[in-house]
Structures are given as structure tokens and as C-alpha cells.
Amino acid sequence: MKLRSLWAALLAAALFLTGCAPSGPSSEPETSGYDLTGLTNEYLAPIAISGIGAVSWEDPSELSPDQLLSYYVVWAMPLERNLEEPEKIPAEELEKAQELNKELVEMAAEHDEALMELYFDKGTLTQDDIRSGLKIGLANREVMPIFCTSGKRDIGTKRLMEFIINVAPGPLKAPAFLATDGAEIAADEAAPAVAFVFKSQVEQHIGEISYFRVIRGKITEGTELMNTRTGNKEKLSQLFAVAGKNRVKVTELSAGDIGCTVKLKGTRTNDTLSAPAAPVTIEPIVFPEPRYRAAIKCKDQADEEKLGKLLNDARFEDPTILVEYSKELKQTIIQGQGEHHLNILRSRIEKENKLSYEYIAPKIPYRETITKVAQADYRHKKQSGGAGQFGEVH
């Protein structure tokens, strides 16, 4: 699977990762919960699903079956205590849980002939065997696990980290990245350095921040790499390891590491930085086309210039946002992935910059066009004393 396909899969997975865990009373009591099995099988097959179950708001606690460990996870309600406690699966749910676990076992066995033979002999696999099979599937990008998590309420995060530690392959064992010429770029620390910029950000008092993954080689402070898109050299004067919003200064990053640097001259998302002696361009992420558009109306005309700069910064950070001024409509048009996408952007700008604007429907550029051939004549005559007026139009 190429990088662009992986990105599409991760985008789809993100839709589920943020929406499964409970966050408050449901506005529709008749809805018993979320059934993601059909959706995930349609969009991300084949998939290992862990920690997904029906959610009901009527009970004092919420239960979610864990397919790998074969027990229910209890989310204490109210959620102030942030508890996750394993419980035996109730008898009425046991059959369904066993079916889910069987699907997971079969999926794990598919990726290793030895595990497949073991499964045929014993009819099941141990947890360690399942982890081994899933690790192979993850390394080949044939399995995409999905977890119900809530970072805000610290739900499912412990289980997610345990899975990453026990099952997810390390970067040195992950499949090689593809270059634009089709060559595979393996995570070799001894090879010439290559880094891929996957995110850009503009932060007050700091400026532009470039987040990158070291694809191969090692990068140290002061390293000069070439931007293969522009051909210009970039000096990475400072290196940081990233932990959420915190940045920890480091002196070296190796193949597989994710880090960031600041104040690069002309580098943006999707650019590749490589050793000048061995230039390599990593296949870029293909972002989705816009699906929603609106016109922008600033509440205070004096803020229009400032808003224009903020929107350009937003475009720099998020390539799925497009901003342009239509001379024909005399409106600034913004495009994104949906109404919610643009509302989040507006909320952020209003909160961080105390600047308000609203979205309105774009004007329609009405036009007239010639539909058929026609002929007409007109004669103009006017005599009011003195020189007269006469003319013909054919």
C-alpha cells in the first residue's frame, strides 16, 4: 500500500477514533449505541476491531467488549474518576463476543502459515499468537485497528498504548516508504538522511514549525538538507522531539523518529528534505478535494487585511483548505471538507485572534450566452431643425 492509500485509511479511521467513546447524555434516547462493524468493513477492510461495542446511556456504567482480551471494559459513570476496569462478559453477550473474537483470531492467522496451521490444529490461538499475527498484518499494512478512545476523558488511552507496545511494529520493521521514482526507501540509519514533512504550523512568537519524520539516516543540529521541490538548501538549526503541545530540544533524530524544527525558508507540508549528495523525493500525501464552499464576510471591514493573512496561514497549515478571491463575484471564497471543518477554523481564529467573521452563501455568477443565430435591422431618423440625424444598423 502506498503512502497516499495509508493516509486515506488513517483519515477514515480518525472519523471513528473521535466519535465512539461516550461524552454525555444522548439527544436521541431510542438510539442504543454505535454499530461500526458495517462501516469499517466497507471502508477499511480487512480490519481488526478492538474495543467497539454498543453504548447505552440509560445504565450507570458503559460497557465495551475487547476482542483481543475477551472481556468487557467498564467506563465508570460519571466519568470524573476516569476508571477502566475489566469485567467478565455477561452470559447474554458471550456468544456475540466469542464471534468477534473468532473473527480476530482468523484475521491474525491469515498473515502467517505457522499460525494458520496452529489454528487448524487447536481451533483457536493464544493472545500472544494473535498479537504475533496482527503485528505481521500491521507491518504489511493489511490490518487497520480501530479503538474507541477519548483523550479528553482519558478513556481507552491505556488500552491503546498497551496495543501499540505489544503489537504495533517498530519503525525499523515497518514497510519501506516509496519515492516518486518507485524506489523503496528503507529505514536505514547508516544511509544518507531523508526526512518527510507531513505537517506545518504557524505559531505566534515562533513562526513556522515543520513536523517531519526521518525516513532514513540521522539528522543532527545544524544539518543542511536540500528541499527536493525547490532545490534550495535548508539548515535545521534546532531539533525538537514532540510530545503533544510540548517540544523537547534534542541534538539528534534517527530513522523512524518524528520531530520538528522551526523557521525553515521555503519548506511546507509534503516536501522532502534529503542529503544533497543523494536527493530523494518521497511520494507525497494526496489530500481530498474540497467538498464545501462558502463566502467570507468580515464583521469589521478594518479587519479584512488581518483576516486574509490568518486564512493564508490556515491554508499553510491545512492543505485541504482553499482560499481565493473571486474578482467576478467580488467575494473571498473558502473551501473545505464540510461545514463543520470551516466552523472549527472560524472558532479557532475568533478565539486566538479576537477577530469575528461569518460565512454566507457565495453569489451566483449569472451569465448570458448566445443560443441561436438571429438578424435585425434598425433605422434612426431625427429632424428637429438644422442638421438632421440618420443612421442604419444591420
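Note that this is a predicted model, so its numbers are computed, not measured.

Asker: A description of empty space enclosed by the protein should follow, citing residues and the corresponding values.
Answerer: Applying the stated criterion across every chain, the model contains 3 cavities of 30 Å³ or more. Approximately 50 Å³ is the volume attributed to the second largest cavity. Surrounding the second largest cavity, Pro171, Ala174, Pro175, Ala176, Phe177, Ile185, Ala186, Ala187, Arg213 and Ile215 form its lining. Class assignment for the residues of the lining of the second largest cavity results in 9 nonpolar, no polar and 1 charged.

Asker: I'd like a description of the packing of helix 7 (residues 304-317) against helix 8 (residues 339-353), backed by residues and values.
Answerer: Following both chains from N to C, one finds helix 7 and helix 8 inclined at 125 degrees, their axes separated by 12 Å at the closest point. One way to sum up the angle between helix 7 and helix 8 is to call them oblique. Taken as a pair, helix 7 and helix 8 cross one another with a handedness that is right-handed. Two secondary-structure elements touch here, helix 7 through Lys306, Leu307, Leu310, Leu311, Ala314 and Glu317 and helix 8 through Leu345, Arg348, Ile349 and Asn353. Across the contact of helix 7 with helix 8, the residue classes tally to 6 nonpolar, 1 polar and 3 charged.

Asker: Provide a residue-level description of the pairing of strand 20 (residues 378-382), including the pertinent values.
Answerer: Within strand 20, only 0 of the 5 residues are buried, which leaves it mostly out in the open. Across 5 bridges, the pairing between strand 20 and strand 21 (residues 389-393) is antiparallel. Among the inter-strand pairings, Lys382 is bridged to a residue of strand 21, identified as Gln389. Once strand 20 ends, the chain turns through 6 residues before running back antiparallel as strand 21, passing Gly385 with a positive phi of about 90 degrees.

Asker: Help me get a handle on the environment of Arg315, residues and values and all.
Answerer: Along the chain, Arg315 falls in helix 7. Relative accessible area serves as the criterion here: at 34%, Arg315 is assigned to the partly exposed category. The sequence separation of Arg315 and Ile334 amounts to 19 residues, and the corresponding C-alpha distance is 9.8 Å. Apart from the residues within four sequence positions on either side, Arg315 is in contact with Thr320, Ile321 and Leu322.

Asker: Got a sec to walk through the packing of aromatic side chains? Specific residues and values, please.
Answerer: Evaluation of the coordinates by the stated rule reveals 2 aromatic pairs. Centre to centre, the rings of Tyr357 and Tyr359 are 5.4 Å apart; their planes meet at 80 degrees, and the pair counts as edge-to-face. One exposure class covers both Tyr357 and Tyr359, and it is buried.

Asker: Residues and numbers for the sheet that holds strand 7 (residues 207-216), please.
Answerer: Taking strand neighbours across the sheet as the criterion, the 8 strands line up as 10-9-15-6-7-14-11-12 in an open arrangement whose pairing is antiparallel. Among the strands making up the open sheet, the edge pair consists of strand 10 (233-236) and strand 12 (246-250). Adjacent strand axes in the sheet meet at a mean angle of 40 degrees when their direction is disregarded. Note: strand 11 (residues 239-243) against strand 12, 5 bridges, orientation antiparallel. By the bridge assignment for strand 12, Ala243 is matched with Asn246. Strands strand 6 (194-203) and strand 7 of the sheet are contacted by helix 7, whose axis makes an angle of about 155 degrees with strand 6.

Asker: So what's going on with the side chain of Asn353? Which residues, and what values?
Answerer: Here Asn353 shows up in helix 8. In this structure Asn353 touches Gln204, Lys306 and Leu310, once residues within four positions along its chain are discounted.

Asker: Account for the pairing of strand 19 (residues 357-360), with residues named and values stated.
Answerer: Because side chains alternate across strand 19, one face comprises the buried residues Tyr357 and Tyr359, and the other comprises Glu358 and Ile360, none of which is buried. By the bridge criterion, 4 bridges tie strand 16 (residues 292-298) to strand 19 in an arrangement that is antiparallel. Across the sheet, the residue bridging to Cys298 is Tyr357, located in strand 19.

What counts and how
- Residues numbered from 1 in each chain as written.
- Predicted model: local features only at pLDDT ≥ 70, side-chain atom pairs only at ≥ 80, totals over all residues.
- Heavy atoms only, no water.
- 1 Å grid on protein atoms, 1.4 Å probe; cavity = no way out; pocket = protein on both sides within 12 Å on 5 of 7 lines; lining within 4 Å.
- Points joined across faces, edges and corners; volume = space filled by probe spheres on them.
- Nonpolar A, V, L, I, M, F, W, Y, C, P; charged D, E, K, R; others polar.
- Axes fitted to C-alpha atoms, helices over the stretch in contact; angles between N-to-C directions.
- Helix = DSSP H or I, 4+ residues; strand = E, 2+ residues; numbered from the N terminus.
- Parallel < 35°, antiparallel > 145°, perpendicular 65-115°, else oblique.
- Left-handed = near helix turned anticlockwise from the far one by under 90°.
- Contact = heavy atoms within 4.5 Å.
- Buried < 20%, exposed > 50% of the residue type's maximum accessible area, 1.4 Å probe, protein only.
- Pairing = 2+ DSSP bridges.
- Phe/Tyr/Trp six-rings, centres within 6.5 Å; stacked < 30°, edge-to-face > 60°.

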